[in-house]
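Structural characterization, general
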Amino acid sequence: MPKHVRFDKKTRVVDELIRRIESGLLEDGFQLPGEHQLAGEFGVSRGTLREALAELKRRNYIATQSGVGSIVTFDGVALDQHHGWAQALAESGALVNTEVLRLEAVRRPELKHRLGTEQFIALDRRRRSTDGRVLSLERSLIPASGELEGLPRVGLIDDSLTITLAAYGYIGERGDQWIGAEPLNAEDAQLLGRAPGDVFLKALRTTYDRQGRFMEQVESLLDPQHFRMHLQFGESR
């Protein structure tokens, strides 16, 4: 690509983001969307987008904070979720049993704009401690594309969604996760064996693969007696 074309694209991104900042559409403290989302919105490559963000940082319109990361913990042990909840819990030493509640094709038109498809495979799982107490409820959506369409028929490989997705060519590279707290509705309370209104942590994690394809969205309800969010900040020394 000629340099002047790339420069023009970068300038367009810079000018538009400055406009949003100066008009108040983006306020102080607002976290910019991820690179994938911004690059898609502006129709530029991630390389061009990064150049634009670097220019905004140089001109003091945005700031980055190095060494920041949030980690979900189970009973105080950090969970590496890159390989899925099941493996993360197993590696923590937790004795947890997993039940598959649903594995079927679903249609979610409201997600097409954000995730690029409205056809999904839904996988709902419930995790229990050895004493039978439910610790979490997870609802995963993966794209019903290619060979993944047959997943409800053939099932998961080794009872692991992460291993299954890897076998179909989806290996997670990046994503984002939001964590909050919400009272349980009647349906979720029944599935979790708790009372409606009990407060659980709610995590929403979206993962994209090495090719930038959407590969999984998982909504998790987590027992706050066992799960916590740990925040790390600053440079490690």
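Residues numbered from 1 in each chain as written. Predicted model: local features only at pLDDT ≥ 70, side-chain atom pairs only at ≥ 80, totals over all residues. Heavy atoms only, no water.

**With respect to the overall build of the protein chain**
Heads up, the rule is: Counting from the N terminus, the helices are DSSP H or I runs at least four residues long and the strands are E runs at least two residues long. Contacts are assigned to residue pairs with any non-hydrogen atoms lying within 4.5 Å of each other. Note on areas: these come from Shrake-Rupley sampling with a 1.4 Å probe, and a residue is covered only by the protein chains present in the view.
Of the regular secondary structure elements, the protein chain holds eight helices and nine strands. Within the protein chain, counting contacts between residues at least 6 apart in sequence, those at least 24 apart form 58% of the total. When the accessible area of the protein chain is evaluated, it comes to approximately 14100 Å², of which 49% is carbon and sulfur surface.

**A short note on helix 2 (residues 35-42)**
What counts here: Only protein chains enter the calculation, and the probe is 1.4 Å; a residue is then buried if its accessible area is under 20% of its type maximum, exposed if over 50%, and partly exposed in between. Directions drawn from the helix axis to the C-beta atoms are what define this arc.
Buried within helix 2 we find Leu38, Ala39 and Phe42. Down the axis of helix 2, the buried set is contained in an arc of 100°. They therefore lie on one face. Residues of helix 2 that are exposed and point over 90 degrees away from its buried face: Gln37 and Gly40. Count one or two residues on from helix 2 and you reach Gly43, which has phi positive near 65°.

**Regarding the packing of aromatic side chains**
Let me state the cut-off plainly: Ring geometry is summarised as follows: Phe, Tyr and Trp rings, the Trp one being its six-membered ring, pair when their centres sit within 6.5 Å, and such pairs are stacked at plane angles under 30 degrees, edge-to-face over 60 and tilted between the two. Definition used: whenever NZ (Lys) or CZ (Arg) falls within 6 Å of the ring centre and also within 35 degrees of the ring normal, the charge is taken to sit over that ring.
One pass over the full model with this rule turns up two aromatic pairs. Ring centres of Phe120 and Phe214 lie 6.1 Å apart, and the angle between their planes is 85°; on these two criteria the pair is classed as edge-to-face. Of the two residues, Phe120 is situated in strand 4 (residues 119-129) and Phe214 in strand 8 (residues 214-222); the sequence distance between them amounts to 94 residues. Relative accessible area serves as the criterion here: at 8%, Phe214 is assigned to the buried category. Between Tyr208 and Phe214 the ring centres are 6.3 Å apart and the planes differ by 70°, which places this aromatic pair in the edge-to-face class. The buried category is assigned to Tyr208, whose relative accessible area is 11%. Joined through ring pairs, the aromatic side chains of Phe120, Tyr208 and Phe214 make up one cluster. Seen from the ring of Tyr170, Arg213 lies directly overhead, with NZ or CZ sitting 4.0 Å from the centre.

**Brief notes about the environment of Lys112**
Along the chain, Lys112 turns up in helix 5 (residues 112-115). Of the residues examined, Lys112 reaches a relative accessible area of 46% and is grouped as partly exposed. Not counting the four nearest positions on each side in its chain, Lys112 is found in contact with Thr117 and Glu118.

**Structural notes on the nonpolar core**
Most often, soluble globular proteins keep nonpolar side chains buried together rather than apart. This is how it is decided: Nonpolar cores were defined as sets of buried Ala, Val, Leu, Ile, Met, Phe, Trp, Tyr and Cys residues, with membership established by side-chain atoms within 4.5 Å.
In this structure, Val13, Leu17, Phe42, Leu49, Leu53 and Leu56 are the most contacted members of the largest nonpolar core, which totals 13 residues. Contacts of Leu53, omitting those with residues within four sequence positions, involve Leu17, Leu32 and Ile62. In this structure, Leu151, Leu156, Leu165 and Tyr170 belong to the second largest nonpolar core, which totals eleven residues.

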